[in-house]
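Examination of the molecular architecture
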Amino acid sequence: MEIIFNEVSYTYNIKTSLAQKAIDTVSCKIPRGNITGIIGPTGSGKTTLIELITALLNPHEGYIKLNKFKIENNKQISNINNLRSKLGLMFQFPEEQFFQPTVKKELEFGMKYFNYKLPEIDKRINQALKMVGLDESYLERNPFELSHGEKRKVALASILVFNPKVVILDEPTVGLDNRNKKRLVKLIRRLKLIYHKTIIIVSHDVDLLYVLADYIVALNKGKLVTSGSKYDVFSQEELLTNNNIDIPKVANFTNKVLKRQKIKLGNYCEINDLIKAIYRHV
Amino acid sequence: MPNIIKIKNLSFGYDDKQIFNKFNLEIEAGDWVSIIGPNSSGKSTLVRLLVGLACSNKAITVDTLMVNQEKIVEVRKRIGVIFDDLTNQFISDTVRDDIAFGLENLNYDIAEIHTRIMRIARELKIEHLLDADPQRLSGGEKQKVALAAILVMQPKIIILDEALAMLDTKEQREILNILKVLHEKRKLTVINITHNLEETLYGNRIIVLNKGKTVMEGKTLDVLKEERILTKLGLELPFMVDLSLKLNFYNLLDDIILDMDELITKLWPSK
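Criteria and cut-off values
- Numbers given for residues are sequential positions, taken from 1 along each chain in its written order.
- Chain A is the first chain written and ligand 1 is the first ligand written, with later ones labelled in order.
- Predicted model: local features are reported for residues with pLDDT of at least 70 only, side-chain atom pairs are reported and counted for 80 or more only, and whole-chain, interface and lining totals are derived from all residues.
- Heavy atoms throughout the structure, all of them, feed into the side-chain values; hydrogens and water do not.
- Here a salt bridge means any side-chain nitrogen of Lys or Arg lying within 4 Å of a carboxyl oxygen belonging to Asp or Glu.
- Residue exposure (1.4 Å probe, protein chains only): buried if accessible area is under 20% of the type maximum, exposed if over 50%, otherwise partly exposed.
- Whether two residues touch is decided by their heavy atoms; if any such pair falls within 4.5 Å, the residues are in contact.
- A 1.4 Å probe defines the accessible area here, and the buried area is the portion of it lost by two parts on being joined, summed over both.
- Here a polar contact is taken to be a pair of N or O atoms separated by no more than 3.5 Å, where protein atoms must pair a possible hydrogen donor with a possible acceptor and residues adjacent in sequence count only if both atoms sit in side chains.
- Secondary structure counts use DSSP, requiring at least four H or I residues in a row for a helix and at least two E residues in a row for a strand, with both numbered from the N terminus.
- By the convention adopted, Pro, Cys, Tyr, Trp, Phe, Met, Ile, Leu, Val and Ala count as nonpolar, Lys, Arg, Asp and Glu as charged, and the other residues, Gly among them, as polar.
- Using only the protein atoms, space was sampled on a 1 Å grid; points where a 1.4 Å probe fits but cannot get out form cavities, open sets with protein on both sides within 12 Å along at least five of seven lines form pockets, and lining residues are those with an atom within 4 Å of a point.
- Grid points are joined across faces, edges and corners, and a volume is the space filled by probe spheres set on the points.
- The span expected for a helix works out to 1.5 Å for each residue beyond the first.
- It is the directions from the helix axis to the C-beta atoms whose arc is reported.
- Only strands that DSSP links by at least two bridges are regarded as paired with each other.
- Axes here mean lines fitted to C-alpha atoms, for a helix over just the part in contact, with angles spanning 0 to 180 degrees between N-to-C directions.
- Pairs were defined over the aromatic rings of Phe, Tyr and Trp, the Trp ring being its six-membered one, requiring ring centres within 6.5 Å. Orientation was assigned from the angle between planes: stacked under 30 degrees, edge-to-face over 60, tilted for the rest.

Quick look at the pattern of salt bridges
- Evaluated as defined, the whole model comprises 26 salt bridges over all chains.
- One salt bridge connects Lys75(A) with Glu72(A), and the closest N-O pair in it is separated by 3.6 Å.
- Take Lys75(A): its relative accessible area is 48%, and that puts it in the partly exposed class.
- With a relative accessible area of 17%, Glu72(A) lands in the buried category.
- Between Glu70(B) and Lys71(B) there is a salt bridge whose closest N-O contact spans 3.7 Å.
- Exposure remark for Glu70(B): the relative accessible area of 68% places this residue in the exposed category.
- Three or more residues joined by partner-sharing salt bridges are found here, namely Asp63(B), Glu74(B), Lys77(B), Arg78(B) and Lys156(B).

Put into structure tokens, the structure is as follows:
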């Protein structure tokens with residue numbers, strides 16, 4: 001599912017003395033079937049952007065188009081549940097939302113609320129567990145007793161039971177050690193490659209996004225700074241730095257070598273590939 | 001320098017899960033120690049034990065005081081902790097009131113409270129935030145306010161428990177640089193518990209924990225050179241350390257260089 005932002009603005013507490021414009025005339029495209037990273041300093045509007053995508057907020061100006069759905073000001077979407085069923089949103093520290101005694105009950109809660117039939121519930125639970133790389137032995141386990149990485153997978157599975165076309169992850173790796181981070185990265189890649197999900201990741205970790213994402217949307221103070229392929233975006237060093245946006249360390253290194261030594265090392269995301277490139281040019 | 005924290009034969013667990021078993025640790029006064037390790041290695045439990053949020057059974061002394069029910073108030077005057085999620089740490093309507101809270105509870109004189117608040121606000125450059133609602137601040141601003149609320153109590157030890165995890169890199173650097181200045185100026189002991197090994201470069205020592213045991217400890221760069229051990233524990237080296245070690249392996253470098261420009265000059269000296 002492609003997502004198009006067209007001149008979108010959103011103001012918190014609009015028409016009051018506390019009014020604060022959080023998104024300011026943003027136009028960009030989030031391509032279907034790819035992983036898009038949304039980056040920007042604190043307060044840049046990243047969380048507001050994803051709340052607009054999920055129609056938790058309606059824009060005050062402009063519109064957001066998701067296939068046949070159009071989210072715009074003062075216009076109620078008919079069958080909003082249909083839209084929301086296509087979107088899965090995982091908040092930061094999602095395991096803090098656990099409240100059931102077993103993984104099975106956590107996963108079935110949402111579907112029971114929407115009156116899914118039992119055979120369908122079981123089928124979807126099995127599919128979701130498979131997607132996140134957990135087996136049936138987890139079903140009767142207490143979610144609070146799982147490891148950090150396992151908890152994060154169960155949280156993701158609780159969204160995947162609805163088989164959303166778009167999966168939105170807000171800071172998915174915060175609190176995870178590197179090993180669990182790598183497992184989650186592998187999982188996210190699988191969701192894209194095998195299950196053809198469109199994935200949106202909000203993260204401060206630009207190094208993670210440089211490895212994982214295909215596209216980047218960069219925000220600062222509610223405005224779009226730039227968007228495009230990750231290589232294009234992260235090569236715009238001055239623009240990003242002037243907008244307090246971090247540059248991945250690998251990109252920073254290759255940018256500096258190009259600037260200072262006039263040597264183009266190439267587009268590499270991982271340090272091992274960078275080493276090979278350096279070896280060739282030294 | 002004498003040890004400001006001493007842990008001897010600490011055994012602790014939750015219900016049926018043993019976290020520490022005859023664990024020992026010493027931290028010198030004035031040190032900046034990074035405690036790292038994979039998830040569930042015992043890092044956060046250690047913080048709870050140090051400040052008496054869990055019972056350590058006389059195994060821990062802080063600044064010569066045993067951490068027990070009798071001495072807990074005195075112990076807590078010496079330690080300030082900043083956690084990762086500050087949402088629940090602020091309780092007042094204004095930054096000023098939140099910073100004042102601890103001192104008010106200890107019945108400090110109003111004039112003294114005001115003097116301390118203004119001094120710390122100037123030091124951390126948050127004077128303009130004193131009348132703001134702490135819940136409406138940015139992540140970095142919240143951390144500065146949390147830091148101010150601790151420093152105003154003039155502790156000897158500051159513990160950061162994954163405190164920078166939610167901040168962007170610029171905010172992280174800002175907080176760490178502020179702490180660096182204070183660490184040197186006030187001879188603070190800093191204990192930084194983190195997954196992000198880039199932060200360890202600010203400290204002089206690293207302790208590596210795994211499953212409640214010390215795997216390794218020593219000077220920062222000495223520990224970071226142990227790539228194999230750290231990688232096996234699932235820890236990610238700081239970028240420049242990782243790059244330097246890999247370039248060392250290919251004989252393109254013979255040292256660890258932490259500055260990117262310096263490393264580029266070393267690789268291409270004639271250009």
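As for the interface of chain A and chain B
- In this assembly, 35 residues from chain A lie in contact with 36 residues from chain B.
- The junction of chain A with chain B conceals about 3300 Å² of combined surface from both sides, 61% of it contributed by carbon and sulfur atoms.
- For the pair chain A and chain B, the interface holds two salt bridges.
- Between Arg260(A) and Asp261(B) there is a salt bridge; the shortest N-O distance is 3.2 Å.
- Along the contact surface separating chain A from chain B lie twelve residue pairs in polar contact (both at pLDDT 80 or more).
- Contributions of two or more residues to the side of chain A that touches chain B are made by α6 (178-193), α10 (249-261) and α11 (271-281) of chain A.
- The greatest single-element share of the side of chain A that touches chain B, amounting to eight residues, is contributed by α10(A).
- Looking at the side of chain A that touches chain B, its residues break down into 15 nonpolar, 13 polar and seven charged.

Considering the layout of surface pockets
- Within this model, the second largest pocket holds a volume of roughly 1400 Å³.
- Lining the second largest pocket are 38 residues, with Thr42(A), Gly43(A), Leu137(B), Gly139(B) and Lys142(B) positioned closest to its centre.
- Secondary structure elements with two or more residues in the lining of the second largest pocket: β2 (20-30) and α1 (46-53) of chain A together with α5 (139-151) of chain B.
- Here the residues of the lining of the second largest pocket are counted per class, giving nine nonpolar, 17 polar and twelve charged.

A closer look at unusual backbone geometry
All names here are of chain A.
- With a phi close to 55°, Asn13 is a non-glycine residue in the positive phi region.
- Inspection of the secondary structure puts Asn13 in the loop between β1 (3-12) and β2.
- Backbone geometry at Asn67 places phi at a positive 50°, although glycine is not the residue there.

Here we look at helix α4 (residues 118-132) of chain A
Residue and element names in this part refer to chain A.
- Look at α4: 21 Å from first C-alpha to last across 15 residues, which is about the 21 Å you get at 1.5 Å a residue.
- Taken together, the buried positions of α4 are occupied by Ile121, Arg124, Ile125, Ala128, Leu129, Met131 and Val132. The arc that holds the buried residues of α4, viewed along the axis, is 155°, so those residues lie on one side. Seen from the open side of α4, the exposed residues pointing more than 90 degrees away from its buried face are Pro119 and Lys130.

What about the side chain of Ser41(B)?
Residue and element names in this part refer to chain B.
- Structurally, the position occupied by Ser41 is in the loop between β3 (32-36) and α1 (43-50).
- Side-chain polar atoms of Ser41 contact the side chain of Lys43, separated by 3.5 Å.
- Residues contacting Ser41, with those up to four places away along its chain left out, are Leu209, Asn210, Lys211 and Gly212.

Re the environment of Glu28(B)
Residue and element names in this part refer to chain B.
- When you line up the elements, Glu28 lands in strand β2 (residues 17-28).
- With relative accessibility at 33%, the residue Glu28 sits in the partly exposed group.
- Once you skip the residues sitting within four places of it in the chain, Glu28 turns out to touch Met1, Pro2, Asn3, Ile4, Thr189 and Arg205.

A word on the sheet that holds strand β4 (residues 60-62) of chain B
Residue and element names in this part refer to chain B.
- Spatial ordering of the open sheet is given by β2-β1-β4-β5, a layout of four strands whose pairing is antiparallel. Each edge of the sheet is formed by a strand with only one pairing partner; in this case those strands are β2 and β5 (65-66).
- As defined by bridge partners, strand β1 (residues 3-14) adjoins β4 across three bridges and the pair is classed as antiparallel. Bridging from a neighbouring strand, Ile5 pairs with Val62 of β4.
- Most of the contacts of α1 go to β1, to which it runs at about 115°, and overall it touches β1, β2 and β4.

Some points on the packing of aromatic side chains
- One pass over the full model with this rule turns up 13 aromatic pairs over all chains.
- With a centroid separation of 5.2 Å and 90° between ring planes, the pair formed by Tyr113(A) and Phe114(A) is classed as edge-to-face.
- Looking at Tyr113(A), the relative accessible area reads 60%, which means it is exposed.
- For the ring pair Trp32(B) and Tyr202(B), a centre distance of 6.3 Å and an interplane angle of 25° mean the geometry is stacked. With Trp32(B) in strand β3 and Tyr202(B) in the loop between β8 (189-193) and β9 (205-210), the pair connects residues that are 170 residues apart, well separated along the chain.

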